[in-house]
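# Residue-level structural notes
Chain by chain, the residues:
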Amino acid sequence: MGSVPHVVEDCFGLLKLYSDGSISRSTNINFNIPIIDDGSVLWKDYVFKKHHNLHLRLYKLTLASLTKIPVLYYIHAGGFCFGSRTFPNFHNICHRLTSELGVLVVAPDYRLAPEHRLPAAIDDAISSLKWLQTLAMHGDIGCDTWLGDGVVDFDRVFVMGDSSGGNVAHYVALRLGMGLVELEPVRVRGYVLLSPFFGGSVKTRSEEERPCEVFWNLDMYNRFWRLSLPIGGAKDVSLMNPFGPSSPKLAEVNLNPLLVVVGSDEILKDRVEDYARSLKELGKKIEYVEFEGKQHGFFTDHLFSELAERVIQLIKGDLLTNFTNIEVDTPLLEIIYNQLPLLGYISRYDS
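Bear in mind the structure is a predicted one, so any value in this text is a computation, not a measurement.

The subject of this paragraph is the pairing of strand 5 (residues 54–61). Within strand 5, 7 of the 8 residues are buried, which leaves it mostly tucked inside the rest of the structure. Where strand 4 (residues 41–49) meets strand 5, 8 bridges bridge the pair, whose relative direction is antiparallel. Pairing of Asp45 across the sheet is with Arg57, part of strand 5. Between strand 4 and strand 5, which pair antiparallel one after the other, the connecting turn spans 4 residues, and Asn53 there sits at a positive phi close to 55 degrees. With 4 bridges joining them, strand 5 and strand 7 (residues 104–108) adopt antiparallel strand pairing. Note that in strand 7 the partner of Arg57 across the bridge is Ala107.

Attention now moves to helix 1 (residues 88–101). Look at helix 1: 20 Å from first C-alpha to last across 14 residues, which is about the 20 Å you get at 1.5 Å a residue. For helix 1, every residue scored as buried is listed here: Pro88, Phe90, His91, Asn92, Ile93, Cys94, His95, Arg96, Leu97, Thr98 and Leu101. Looking at the residues trailing helix 1, positive phi occurs at Gly102, about 65 degrees.

The next subject is the nonpolar core. In terms of nonpolar packing, the biggest core is built from 75 residues, with Leu58, Leu132, Tyr191 and Leu258 touching the most fellow members. Ranked by the residues each element gives to this core, the list is headed by helix 2 (residues 120–138), at 8 residues. Judged by nonpolar contacts, the second largest core, of 32 residues, contains Tyr59, Phe158, Met160 and Val289.

Here helix 5 (residues 218–228) has its buried residues at Leu218, Met220, Tyr221, Phe224, Trp225, Leu227 and Ser228. Elements in contact with the buried residues of helix 5: strand 1 (7–11), strand 2 (15–18), helix 3 (164–177) and helix 4 (205–209). Residue Asn217 occupies the N-cap position of helix 5, its side-chain oxygen lying 3.0 Å from the main-chain nitrogen of Asp219.

This part takes up the sheet that holds strand 3 (residues 23–25). The strand order across the open sheet built from 3 strands is 1-2-3, with neighbouring strands paired in antiparallel fashion. Among the strands making up the open sheet, the edge pair consists of strand 1 and strand 3. Mean inter-strand twist for the sheet, computed between neighbouring axes without regard to direction, equals 10 degrees. In this sheet, strand 3 lies alongside strand 2 in antiparallel orientation, the contact comprising 3 bridges. What sits directly across from Leu15, in strand 3, is Arg25. Each of strand 1 and strand 2 touches helix 5; the most contacted strand, strand 1, lies at about 120 degrees to it.

Before going further, it helps to spend a moment on the pairing of strand 11 (residues 286–291). Most of strand 11 is tucked away: 6 of the 6 residues are buried. Burial along strand 11 is two-sided: Ile286, Tyr288 and Glu290 facing one way and Glu287, Val289 and Phe291 facing the other are all buried. Bridge analysis of strand 10 (residues 258–263) against strand 11 gives 6 bridges, and the strand direction is parallel. Residue Val262 lies in a different strand from strand 11, and its bridge partner there is Glu290. A crossover connection joins strand 10 to the parallel strand 11 through helix 6 (residues 269–281); in handedness this β-α-β unit is right-handed.

Turning to the packing of aromatic side chains, a few remarks are in order. Counted according to the given criterion, the structure contains 20 aromatic pairs. Note on Phe197 and Tyr221: the rings are 5.3 Å apart at their centroids and 50 degrees apart in plane angle, and the pair reads as tilted. Here Tyr221 lies in helix 5 and Phe197 lies in the loop between strand 9 (188–194) and helix 4, a separation of 24 residues in the sequence. In this structure Phe197 comes out as buried when scored by relative accessible area, which is 3%. A ring pair is formed by Trp216 and Phe224, whose centres lie 6.2 Å apart and whose planes are at 55 degrees; its orientation type is tilted. With respect to burial, Trp216 and Phe224 carry one shared label: buried. Put simply, the rings of Phe12, Phe80, Phe82, Phe197, Phe215, Trp216, Tyr221, Phe224 and Trp225 pair up and form one aromatic cluster. Against the face of Phe82 rests Arg25, its NZ or CZ located 5.9 Å from the ring centre.

Conventions and cut-offs
Residues numbered from 1 in each chain as written. Predicted model: local features only at pLDDT ≥ 70, side-chain atom pairs only at ≥ 80, totals over all residues. Heavy atoms only, no water. Buried < 20%, exposed > 50% of the residue type's maximum accessible area, 1.4 Å probe, protein only. Helix = DSSP H or I, 4+ residues; strand = E, 2+ residues; numbered from the N terminus. Pairing = 2+ DSSP bridges. Expected span 1.5 Å × (residues − 1). Core = buried A, V, L, I, M, F, W, Y, C linked by side-chain atoms within 4.5 Å. Contact = heavy atoms within 4.5 Å. Polar contact = N/O pair within 3.5 Å; in protein donor to acceptor, adjacent residues only side chain to side chain. Axes fitted to C-alpha atoms, helices over the stretch in contact; angles between N-to-C directions. Right-handed = clockwise from strand over helix to strand, strands pointing away. Phe/Tyr/Trp six-rings, centres within 6.5 Å; stacked < 30°, edge-to-face > 60°. Lys NZ or Arg CZ within 6 Å of the ring centre and 35° of its normal.

Interpretation in functional terms is not warranted from these geometric data alone.
Given below as structure tokens:
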């Protein structure tokens with residue numbers, strides 16, 4: 001008789017990988033987070049990748065807009081192994097972004113690791129953008145009259161990724177910038193990366209000096225990489241390290257503007273800052289924002305804090321100006337940027 005399979009990877013007791021390759025997941029997750037539903041925002045689910053049973057959720061303001069509304073994709077966090085548009089924390093983020101920014105938020109699910117290892121999540125994010133392209137071209141993919149005719153501005157689309165979702169957003173930007181995906185008439189104007197989850201075989205200074213935060217630690221991050229990267233892949237595979245030896249040469253890629261945000265006390269801080277600095281040195285349009293004394297999840301875990309409001313206003317400022325070249329009143333920008341230093345805001349590498 002063969003040996004009894006044993007656990008080789010265990011994520012919070014919710015996800016277990018066994019020695020024989022089998023996987024068990026628990027759906028009993030206690031979020032203890034109430035779902036926001038104050039009547040100001042409507043949402044609706046649609047299938048965008050039928051053969052994988054993948055859904056996305058659209059959010060819009062209850063009050064109809066008199067002008068076309070831009071689109072903001074929100075790609076959720078979860079170490080590539082957890083997460084869904086239905087999770088209360090991610091739902092609440094999308095609700096708040098819709099309410100504050102007045103945009104159409106699109107929250108796509110993606111296939112999770114280790115059942116579906118990278119680049120599955122990136123492929124699915126691209127598929128969700130192709131869904132939007134079909135909507136723009138034909139308007140007959142099940143959205144009936146929920147959006148209305150001529151409401152969506154498909155020429156102003158933005159992609160925002162949170163943690164592992166920030167990693168996905170980078171690789172979406174890479175594929176689009178390399179001309180590997182055709183989205184006309186949809187036009188992605190820019191990207192927002194919140195504490196993007198990158199890695200590498202050599203530890204950074206922040207990983208050496210701060211291997212533990214209040215909740216997260218480097219062992220957890222390494223476990224996510226073991227579960228999500230292709231089996232047998234190199235330690236510096238391009239899917240974890242945008243500037244690794246096997247990564248595409250970004251100097252030749254036409255990247256749209258990026259806003260990159262991180263906390264100064266995050267394990268990932270140096271990796272994220274190195275990413276921003278390297279792109280800036282390549283002449284890319286990038287703004288790097290660092291919040292002093294903050295750890296991973298400082299925005300998403302404290303969605304109604306004063307700091308979260310500043311992050312939203314920062315995003316709003318970039319959506320209005322850097323990403324679209326639309327002129328806005330100087331007082332608005334002064335309010336957005338002059339108040340940020342009160343909370344330990346640092347900005348470098350902005351064009």
